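Structural description and commentary
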Amino acid sequence: MPKRQPALPHVWLISDPRNDALLERALTRLPRGSGLIYRHYHLAAGERHARFQALARIARAKGHMVVLADSPAMARRWRADGSYGAPSRLAGGPATLRLATAHSLREIASARRADAVLLSPVFATHSHPGARTLGPLRFRLLASRARIPVIALGGMTPHRARKLGRAPWAAIDGIAQALDS
């Protein structure tokens, strides 16, 4: 019998050097059952793993799901709940939760191995200034055509998430800053 995946969180916090100083506090203030996508690509391997373990302890104490931005094999080694990345990186090994990145309907379709896709950028972002955004209408249209759950990403804040209705959402800056104020 296939392994049943747990329900996906409605709110996701994505780690980044910009929000690193706020992560512990943000994790303790997120609604119970939220999710953490741990990236921290800027750290050396040992330091990245140690920081992951520290944040994962806090996240799990609050009932949050912890996903590693890396291969499913690495996610299993680090005891993450799943992996996150480009659809091409999600292949291989026994199933873990798999979250893919997408920016178009074609990329959503290519994420057939994923359990959900993070579609971006919905709004303007600090990380990609001047990039073309989807906007709420196009986001909803693309999400309605997807065959897997879609999580909004890109310039998301609690206020902007409400504009999308009931869609799950993720943020780098928007959550940590909103919870820190």
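Placed above this text is the structure.
Residues numbered from 1 in each chain as written. Predicted model: local features only at pLDDT ≥ 70, side-chain atom pairs only at ≥ 80, totals over all residues. Heavy atoms only, no water.

**What to know about the nonpolar core**
For clarity, the cut-off: Definition used in this section: a nonpolar core is a set of buried Ala, Val, Leu, Ile, Met, Phe, Trp, Tyr and Cys residues joined via side-chain atoms within 4.5 Å. Each residue gets one of three labels from its accessible area relative to the maximum for its type: buried under 20%, exposed over 50%, partly exposed in between, using a 1.4 Å probe on protein chains only. In this description a helix means any DSSP run of H or I spanning at least four residues, a strand means any run of E spanning at least two, and both kinds are numbered starting from the N terminus. Here, two residues are considered to be in contact whenever any of their heavy atoms come within 4.5 Å of each other.
Core analysis: the largest hydrophobic core is formed by 42 residues, its most contacted members being L13, F52, L119, F139, M156 and W169. For this core, the element with the highest residue contribution is helix α2 (residues 45-61), accounting for 4 residues. Every residue in contact with F139, bar those within four places of it in the chain, is listed here: L119, V122, L134, V150, I151, A152, L164 and A167. Listed in part, the 15 residues of the second largest apolar core include W12, L97, L99 and I172.

**Some points on the side chain of D16**
As a reminder of what qualifies: Pairing of N or O atoms within 3.5 Å defines a polar contact, subject to two protein rules: one partner must be a possible hydrogen donor and the other a possible acceptor, and residues neighboring in sequence count only if both atoms are side-chain atoms.
Relative to the assigned elements, D16 resides in the loop between β1 (11-14) and α1 (23-29). For D16, the side chain forms a polar contact with the side chain of R18, separated by 2.7 Å. Sequence-distant contacts of D16, defined by excluding residues within four places in its chain, comprise R39, H40 and I172.

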